[in-house]
Amino acid sequence: WDNADFSRGVGTTFYQEFSTLNTAKPPFVRDVEAKVRRYLRSSYSAAWTLKITWEKAPVYAARADTRKTVTYQAVLTTDGFRSYILMLYQDGGMQWDYTRLTSTNVLIGYT
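Now for a quick tour of the structure. Quantities reported herein were computed from a predicted structural model and do not represent experimental measurements.

### Quick notes on helix H1 (residues 27-40)
In this model H1 runs 20 Å from its N-terminal to its C-terminal C-alpha over 14 residues, within 8% of the 20 Å that 1.5 Å per residue would give. Taken together, the buried positions of H1 are occupied by Val 29, Val 32, Glu 33, Lys 35 and Val 36. Along the long axis of H1, the arc covered by the buried residues comes to 160°, so they all point the same way. Contacts made by the buried residues of H1 are with strand S1 (12-19), strand S2 (48-58), strand S3 (69-78) and strand S4 (83-89).

Pasting the structure below:
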């Protein structure tokens, strides 16, 4: 998922689960459904959604520098048949200096 380093006590990770099968949907889930419909141009009604947030995450290895942090989210959602993921980054994109990372094959998102 990432190359964040929380070993210095900077930043946090948290999640929120939304089980919406046969229940009223909160605004966040309705927004996710609208994004899936808009991006894929098809109908979609979420049965389950998971929002994971990495807040003020410092790049690995944090022992070198904890000043440059980034906040980003992964939102997983399914209707029970199809599943999707939305990758969301703070305004301005990834703030880590990729030239200083231990690996040179940097990718934002997933493959």
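### What to know about the sheet that holds S3
A sheet is described by the order of its strands in space; here four strands give the open sequence S1-S2-S3-S4, paired in antiparallel fashion. On the outer flanks of this sheet lie S1 and S4, each paired with one strand and no other. Looking at each pair of strands side by side, their axes are set apart by 10° on average, direction ignored. In the sheet, S1 pairs with S2 via eight bridges, with the strands oriented antiparallel. Within S2, the residue paired with Phe 18 across the bridge is Thr 49.

Quick notes on the rules
Residues numbered from 1 in each chain as written. Predicted model: local features only at pLDDT ≥ 70, side-chain atom pairs only at ≥ 80, totals over all residues. Heavy atoms only, no water. Helix = DSSP H or I, 4+ residues; strand = E, 2+ residues; numbered from the N terminus. Expected span 1.5 Å × (residues − 1). Buried < 20%, exposed > 50% of the residue type's maximum accessible area, 1.4 Å probe, protein only. Arc of directions from axis to C-beta. Contact = heavy atoms within 4.5 Å. Pairing = 2+ DSSP bridges. Axes fitted to C-alpha atoms, helices over the stretch in contact; angles between N-to-C directions.

Spatial relationships are all this shows, so hold off on functional conclusions.
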